[in-house]
Amino acid sequence: MNQYAVVVHDYTDDEALDRRLSRREAHLEGIRRLADQGRFLSGGAILDDAGRMVGSSVHVQFPDRRALDDWLAAEPYVTGKVWERIEIREVKLFDPGA
């Protein structure tokens, strides 16, 4: 499995936070499915100085980049225009148990 760091920045228009909140449960359900499949490794919201959610950081693993892209194409924060800019890097995460 290849590991990826996915850092995303939300849209900044006046309705951006409302879109995020309205799709949050669907997003979290998808993350729970990824965790059950062993694909979600870590992640959470990126906060601004006032504590508002303005993006996300996720570590995931997939067999290849195409599988990652397929997941992103169906991700509620992508389809719902919450995540505007997506940065993806292949990584090798430290395993403290190895």
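Residues numbered from 1 in each chain as written. Predicted model: local features only at pLDDT ≥ 70, side-chain atom pairs only at ≥ 80, totals over all residues. Heavy atoms only, no water.

A. Region of interest: the environment of alanine 74. Among the secondary structure elements, alanine 74 is positioned in helix α2 (residues 65-74). Put simply, alanine 74 and glycine 30 are 44 residues apart on the chain and 9.5 Å apart in space, counted from C-alpha to C-alpha. (Helix = DSSP H or I, 4+ residues; strand = E, 2+ residues; numbered from the N terminus.)

B. The packing of aromatic side chains, seen in detail. Counted under the stated rule, the structure contains two aromatic pairs. Look at tyrosine 77 and tryptophan 83: their rings are 5.4 Å apart centre to centre, the planes differ by 75°, and that puts the pair in the edge-to-face class. Taking relative accessible area as the criterion, tyrosine 77 reaches 0% and is therefore assigned buried. Residue classification places tryptophan 83 among the buried positions, given a relative accessible area of 3%. The ring centre of tyrosine 11 lies 5.5 Å from the NZ or CZ of arginine 19, which sits over that ring. (Phe/Tyr/Trp six-rings, centres within 6.5 Å; stacked < 30°, edge-to-face > 60°. Buried < 20%, exposed > 50% of the residue type's maximum accessible area, 1.4 Å probe, protein only. Lys NZ or Arg CZ within 6 Å of the ring centre and 35° of its normal.)

C. Molecular detail of the sheet that holds strand β1 (residues 2-10). Strand order across the open sheet formed by four strands is β2-β3-β1-β4, with antiparallel pairing between neighbours. Where the open sheet ends on each side, the last strands, each with one partner, are β2 (40-47) and β4 (83-91). Put simply, the sheet's adjacent strands are angled 15° from each other on average, direction ignored. Note that β2 and strand β3 (residues 53-62) share seven bridges and pair antiparallel. Residue glycine 44 lies in a different strand from β3, and its bridge partner there is serine 57. The strands touched by α2 are β1, β3 and β4; relative to β4, the strand with the most contacts, the crossing angle is about 160°. (Pairing = 2+ DSSP bridges. Axes fitted to C-alpha atoms, helices over the stretch in contact; angles between N-to-C directions. Contact = heavy atoms within 4.5 Å.)

The values reported here are purely geometric and, on their own, carry no functional implication.
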